[in-house]
Amino acid sequence: MAKTVTTLADGRELIYFDAGAAAPPHTAVDRRPLDRSAPASEVRLDPATGAWVTIAAHRQARTYHPPADECPLCPSRDGRLSEIPEADYQVAVFENRFPSLAGSPLAFPGGEAAEADPLHTARPGDGRCEVVCFTADHDVSFADLDEDRVRLVLDAWTDRTAELSALPGVEQVYCFENRGVEIGVTLAHPHGQIYALPFTAPRTARMVEQAGRHREATGRNLFEDLLAAERADGERVVTAGEHWTAFVPFAARWPYEVHLYPNRRVADLTGLTEDERAEFPGVYLDLLRRFDGLFATPQAPGRTPYISAWHQAPARDGDELALHLELFTIRRAADKLKYLAGVESGMDAFVNDIAPETAARRLRETAPRTAAS
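Residues numbered from 1 in each chain as written. Predicted model: local features only at pLDDT ≥ 70, side-chain atom pairs only at ≥ 80, totals over all residues. Heavy atoms only, no water.

### Here's the deal with the overall build of the protein chain
Put simply, the rule is: Each helix corresponds to a stretch of at least 4 residues labelled H or I by DSSP, and each strand to a stretch of at least 2 residues labelled E; elements are numbered beginning at the N terminus. The atom set for the radius of gyration is the C-alpha atoms, and the globule formula is 2.2 Å times the number of residues raised to the power 0.38. Burial classification: accessible surface area is computed with a 1.4 Å probe over protein chains only, and a residue below 20% of its type maximum counts as buried, one above 50% as exposed, and the rest as partly exposed. The contact rule is simple, with two residues in contact once any of their heavy atoms fall within 4.5 Å. Each accessible area is a Shrake-Rupley result for a 1.4 Å probe, and residues are judged covered by the shown protein chains and nothing else. Note on charges: Lys and Arg go in the positive column, Asp and Glu in the negative column, and His and the chain ends are not counted at all. Every charge is mapped onto a representative atom, which is NZ of Lys, CZ of Arg, CG of Asp or CD of Glu.
Scanning the protein chain from terminus to terminus reveals six helices and 16 strands. Against the compact-globule benchmark of 21 Å for 373 residues, the protein chain has a radius of gyration of 21 Å, which places it among compact chains. If you line up the protein chain on its principal axes, its C-alpha atoms span 60 × 55 × 45 Å. Burial status across the protein chain gives 52% buried among its 373 residues. The contacts of the protein chain with a sequence gap of at least 6 include a subset with a gap of at least 24, amounting to 68%. Carbon and sulfur atoms provide 51% of the accessible area of the protein chain, an area that totals close to 17100 Å². One finds the centroid of the 40 positive side-chain charges in the protein chain at a distance of 3 Å from the centroid of its 57 negative side-chain charges.

### Side note on the side chain of serine 141
Under the convention used in this document: In the analysis that follows, any N or O atom pair within 3.5 Å is treated as a polar contact, provided that within protein one partner can donate a hydrogen and the other can accept it, and provided that, for residues neighboring in sequence, both atoms belong to side chains.
With respect to the element layout, serine 141 can be found in the loop between strand E7 (128-133) and helix H1 (147-165). Residue serine 141 is classed as buried on the basis of its relative accessible area of 3%. A polar atom in the side chain of serine 141 sits 3.2 Å from the side chain of arginine 179. When sequence neighbours within four positions are dropped, the list of residues in contact with serine 141 reads Arg179, Pro190, Asp292, Arg303 and Arg369.

### Description of helix H6 (residues 356-365)
The α-helix advances 3.6 residues per turn, and as a result positions three or four apart in sequence lie on the same side. As a reminder, the rule being used: Here, the arc refers to the directions that run from the helix axis to the C-beta atoms.
Every buried residue of H6 is listed here: Pro356, Ala359, Ala360 and Leu363. Viewed along the axis of H6, the buried residues span an arc of 100 degrees, placing them on a single side of the element. Contacts made by the buried residues of H6 are with strand E10 (237-240), strand E12 (256-262) and helix H4 (274-294).

### Quick look at the confidence of the model for the protein chain
Quick note on the threshold: How sure the predictor is of each residue is captured by pLDDT, a score from 0 to 100.
Mean pLDDT over the protein chain: 92, with 94% of residues reaching 70 or higher. Low pLDDT (under 50) marks residues 106-114, which in the prediction has 14 contacts with non-local residues, meaning those over four places away or in another chain.

### Concerning the packing of helix H2 (residues 202-218) against helix H3 (residues 222-233)
Rules: The axes are straight lines fitted to the C-alpha atoms, using for helices just the contacting stretch, and the angles between their N-to-C directions are given from 0 to 180°. When describing relative orientation, an angle under 35 degrees is termed roughly parallel and one over 145 degrees roughly antiparallel, while 65 to 115 degrees is termed roughly perpendicular and anything else oblique. Basically, the charged four are Asp, Glu, Lys and Arg, the nonpolar ten are Ala, Val, Leu, Ile, Met, Phe, Trp, Tyr, Cys and Pro, and anything else, Gly included, counts as polar.
As a packed pair, H2 and H3 sit with axes 8 Å apart at the nearest point and diverge in direction by 85 degrees. Judged by the inter-axis angle, H2 sits roughly perpendicular to H3. Across the interface between the two elements, Met207, Gln210, Ala211, His214 and Thr218 of H2 pack against Leu222, Phe223 and Asp225 of H3. Taken together, the residues that form the contact of H2 with H3 break down as four nonpolar, three polar and one charged.

### A closer look at the packing of aromatic side chains
Which entries qualify depends on this criterion: Only Phe, Tyr and Trp rings are paired, with Trp represented by its six-membered ring, and only when their centres lie within 6.5 Å; those with planes under 30 degrees apart are stacked, over 60 edge-to-face, the remainder tilted.
Evaluated as defined, the whole model comprises 14 aromatic pairs. Ring centres 5.5 Å apart and planes at 40 degrees place the aromatic pair phenylalanine 280 and tryptophan 310 in the tilted group. You can see phenylalanine 280 sitting in helix H4 and its partner tryptophan 310 sitting in strand E13 (residues 306-311), a full 30 residues away along the chain. For the pair shown, phenylalanine 280 and tryptophan 310 are each scored as buried. These aromatic residues form a ring-pair network of at least three members: Phe134, Phe142, Trp157, Trp244, Phe280, Tyr284 and Trp310.

### Points about a nonpolar patch on the surface
Defined as follows: To count toward a patch, a residue needs a relative accessible area above 30% and no salt bridge. Like charges then connect within 9 Å, nonpolar side chains (Val, Leu, Ile, Met, Phe, Trp, Tyr) within 5 Å. Think of a salt bridge as a Lys or Arg side-chain nitrogen and an Asp or Glu carboxyl oxygen that are within 4 Å of each other.
A contiguous nonpolar patch, built from Val343, Met347 and Val351 and spanning about 290 Å² of accessible area, is present on the exposed surface. Residue placement: valine 343 occurs in helix H5 (residues 342-347).

### A word on the packing of H4 against H6
Look at H4 against H6: their axes get within 9 Å of each other, and the N-to-C directions meet at 100 degrees. One element, H4, and the other, H6, form an angle in the roughly perpendicular class. Residues Arg290, Phe291 and Leu294 of H4 pack against Arg362, Leu363 and Arg364 of H6. Classifying every residue of the contact of H4 with H6 gives three nonpolar, no polar and three charged.

In structure tokens form, the structure reads like this:
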């Protein structure tokens, strides 16, 4: 993999990733008349739950459903200038122009350090938010990429995890993709995001707590036991390779939800071996194309809306967590979406309309959608 680092007109960092040892020349300059980027946000602690909430009022002005010929993630071509100055690229990563978190992270351990008012604890929302463009082609999706491109994306995720986790005050690095207007995506170009969080995400904190309880009760790692149990049972396994296993969790929250684990426990993407990296693209593309084969709608035939989320160990208390990817859709039928009900939105107590065993069986039986040409 070759990596080229440059800057945009307002000082934000832009990084090109190219397959192979040598990168093509990336010399195009961002000619847009942009003011220096200086977004500001705040994180506030919910004293009732212990969870940090980000306040980012400046994001109200972010780009919202632009027409395809004004997409800010397409290359700069034919006189139209975008976030990517080059006329073509393979994978590009840049600092978000409208980030939820921005600035140089401050070293503060969550919950420590005395506050003048413990019921109104607030800190600068320092961190970093990056956009990952998977391809220059506006009209495809991740599932349409070939295995070589997926490997390049994996290498980019790994590079960013290593660099962002080394920043002072970063507690967790979160790589994810949202796809589909039903999910709330406002830019149609195939892309994902990376958040360098100045706190441990609430869901991760609960996982770490559960893993600690499991270790205390059994002397073993929760995630190793969980994966071994699913592989031994097999009923909820969707696909399995030499190095990766994908299964529907026993207590799945979403109609179709798959967790993808490396068979060897590692803390984050930087811990994967070459063999594990080599097998990942084929397994992941198979999962995405199975999701796309589940439903066909007039709005998006063969393209199921989903969230794909990498769970990586936090910097603090992360020894027990296992790297894994959670892939789920809010679509429960071809013409029905899963809306969060009052008990789910209000109490975080999920009700699933589809049995996990049924979802796993249907995913196993679904023919993966053929990638677009």
